[in-house]
Amino acid sequence: MPAGSATASSSSGTLWSVLARAGVAAFRCLSPAQNGANRKILLNGGRQTFTGRTYRLPVPLSSMIEHHRRKAEDVGAAFRVAVRRMDKSRAILILAHFDADGLSALAILSRAMQRDGLDVMTRIVGKGENPWSPDLRSELGRLQPGGLVVTDLGVRAGSILPGVRTLLIDHHVPTGTPGDAAVISGNGWVPEPTSSLLAYWCARALGPADDLLWLAAVGLIGDMADPGFPELAEAQARFGKTALRDAAALINAPRRTPAADATPALALLMKCNGAKELVKGDHPETAVLRAAKAEVSAALEAARRAPPKVRGDVALIRFSSRCQVHPLVAQSWRGRLKDKIVLAVNTGYRPGWIHFAARTGTDTDLIAFLARHRPPGAGLEYGSGHVKATGGALRPADWNDFVNRIGFPEEKVEE
């Protein structure tokens with residue numbers, strides 16, 4: 001199938017996917033039986049094969065700008081097709097993760113789709129929530145949306161709302177075939193676009209979106225993405241490098257607090273016209289975000305005092321904090337323990353759960369590492385994300401099984 005072409009299937013149980021790497025895109029229709037082949041293509045960033053045609057990296061430097069433009073156009077075209085198939089007589093529901101990348105993607109999509117005359121609803125997916133869980137599925141079903149757009153929440157097995165046209169926009173490692181959903185995935189691209197940048201490319205397909213570029217930059221910075229995207233350089237020139245960095249830090253702060261309420265952050269992204277307006281403080285939500293940032297900074301300072309235990313290839317740092325600082329702790333130790341898998345373990349973030357973040361500077365695939373040591377009771381909260389940055393949450397019994405498997409039996413907790 002030629003790059004950029006599209007095929008459709010009316011059979012049930014099919015997966016619409018946009019597979020685009022190194023500027024080459026394909027719109028494919030895969031059955032569940034082809035899921036293994038689908039994942040192989042999605043995860044293979046070095047060589048992409050579509051129905052007998054193979055494309056190899058690296059792309060010549062003289063062609064990089066053109067390839068980048070084509071990738072953005074392919075994403076936009078796929079977005080238009082997916083949205084066109086939704087029921088416009090009812091509101092389209094947009095779900096997003098509560099970090100800076102997910103919130104920025106949500107704001108971009110919501111603002112762009114409303115400009116295009118679409119009726120939209122929004123829902124932040126926050127602490128301990130997952131759109132594939134029965135509880136959240138039930139809540140979403142009661143809303144009876146005409147379509148579902150889900151961003152920065154992964155690509156997992158199964159439909160979120162069976163019978164509702166669904167589009168997933170994401171950049172994490174896929175873990176399964178999401179029913180009949182359309183998928184726009186940046187996973188495996190070099191460099192890898194975040195969900196907010198993918199959302200910006202989608203927005204441009206609906207009309208002028210230059211004023212939304214700063215939102216994509218906030219998501220890119222907040223997710224520590226590759227700095228080589230031309231959109232990021234343009235946004236920094238137009239909206240201010242320091243202001244964008246400060247805005248990303250503020251937007252990321254509230255979801256790390258015990259309350260984990262990202263509503264004020266989304267409100268700012270929806271109404272501000274740039275990063276400087278967001279950080280200036282004219283809106284009351286900015287003060288809320290600053291207070292959240294101070295609370296998280298104090299919690300992080302305390303958590304960083306916990307010493308690591310090193311055993312073989314694994315370093316484990318355990319502490320108890322009501323704030324979601326374990327990813328920040330893992331990231332900070334990653335630079336100091338360059339040859340280790342770093343696990344930052346937080347026993348106090350959510351009652352009844354042990355949360356941990358995994359980071360590494362080695363060649364280890366962390367998702368594969370966690371899969372090898374997966375306890376039998378682990379659920380949707382375990383082992384998704386990126387090959388160098390992942391984590392999970394386990395109930396006490398499963399945590400005790402896990403630490404036994406990785407060689408830290410003394411780190412068991414009371415069940």
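In this text the structure is predicted, and so the values were computed from the model without any measurement. (Residues numbered from 1 in each chain as written. Predicted model: local features only at pLDDT ≥ 70, side-chain atom pairs only at ≥ 80, totals over all residues. Heavy atoms only, no water.)

1. Some remarks on the packing of helix α6 (residues 213–222) against helix α7 (residues 230–239)
At a minimum axis separation of 9 Å, α6 and α7 run at an interaxial angle of 115°. The orientation of α6 with respect to α7, classified from their angle, is roughly perpendicular. When the axes of α6 and α7 are compared, the crossing they make is left-handed. Mapping the contact onto sequence places L213, W214, A217, L220 and I221 in α6 and E231, L232, E234, A235, R238 and F239 in α7. Residues belonging to the contact of α6 with α7 are distributed by class as follows: eight nonpolar, no polar and three charged. (Axes fitted to C-alpha atoms, helices over the stretch in contact; angles between N-to-C directions. Helix = DSSP H or I, 4+ residues; strand = E, 2+ residues; numbered from the N terminus. Parallel < 35°, antiparallel > 145°, perpendicular 65-115°, else oblique. Left-handed = near helix turned anticlockwise from the far one by under 90°. Contact = heavy atoms within 4.5 Å. Nonpolar A, V, L, I, M, F, W, Y, C, P; charged D, E, K, R; others polar.)

2. Comments concerning the packing of aromatic side chains
Inspection of every chain in the model, using the stated rule, returns six aromatic pairs. Centre to centre, the rings of W399 and F402 are 5.6 Å apart; their planes meet at 45°, and the pair counts as tilted. Taken together, the residues span about one helical turn, with W399 and F402 both in helix α14 (residues 396–406) at a distance of three residues. Like W399, the residue F402 is buried in the burial classification. One cation-aromatic arrangement involves K127 over Y349; the distance from NZ or CZ to the ring centre is 4.3 Å. One residue, R336, lies across the ring of W333, its end atom 4.0 Å from the ring centre. (Phe/Tyr/Trp six-rings, centres within 6.5 Å; stacked < 30°, edge-to-face > 60°. Buried < 20%, exposed > 50% of the residue type's maximum accessible area, 1.4 Å probe, protein only. Lys NZ or Arg CZ within 6 Å of the ring centre and 35° of its normal.)

3. A look at the nonpolar core
In this structure, F79, L109, M113, Y200, W214, I251 and L278 are the most contacted members of the largest nonpolar core, which totals 67 residues. Considering each element in turn, this core owes the most residues, nine residues, to helix α3 (residues 100–115). Discounting chain neighbours no more than four positions away, the residues touching I251 are A100, L103, V218, A265, L269, L278 and L289. Counting 20 residues, the second largest nonpolar core, distinct from the first, contains L316, I354, A378 and L394. (Core = buried A, V, L, I, M, F, W, Y, C linked by side-chain atoms within 4.5 Å.)

4. Brief notes about the pairing of strand β8 (residues 166–170)
With five of five residues buried, β8 lies mostly within the body of the structure. Residues T166, L168 and D170 of β8 are buried on one face, and the alternating residues L167 and I169, pointing to the opposite face, are buried as well. In this structure, strand β7 (residues 147–151) lies alongside β8, joined through four bridges in parallel fashion. Pairing of T151 across the sheet is with I169, part of β8. Pairing geometry for β8 and strand β9 (residues 182–185), over four bridges, is parallel. Within the sheet, the bridge partner assigned to D170 lies in β9 and is S185. (Pairing = 2+ DSSP bridges.)

5. Thoughts on helix α8 (residues 241–252)
A rise of 1.5 Å per residue sets the reference length of α8, with its twelve residues, at 16 Å; its end C-alpha atoms lie 17 Å apart and thus fit the reference within 8%. If you check which residues of α8 are buried, you get A243, L244, A247, A248, L250, I251 and N252. Buried residues in α8 make contact with α3, α6, α7, α9 (263–271), α10 (275–280) and α11 (284–303). (Expected span 1.5 Å × (residues − 1).)

6. Concerning unusual backbone geometry
Backbone geometry follows two general trends: most residues other than glycine have a negative phi, and most peptide bonds adopt the trans configuration. Put simply, V190 and P191 share a cis peptide bond, and its omega is -5°. Locating P191 in the fold gives a position in the loop between β9 and α5 (195–204). At A260, a residue that is not glycine, the phi angle is positive and equals roughly 55°. You can see A260 is positioned in the loop between α8 and α9.

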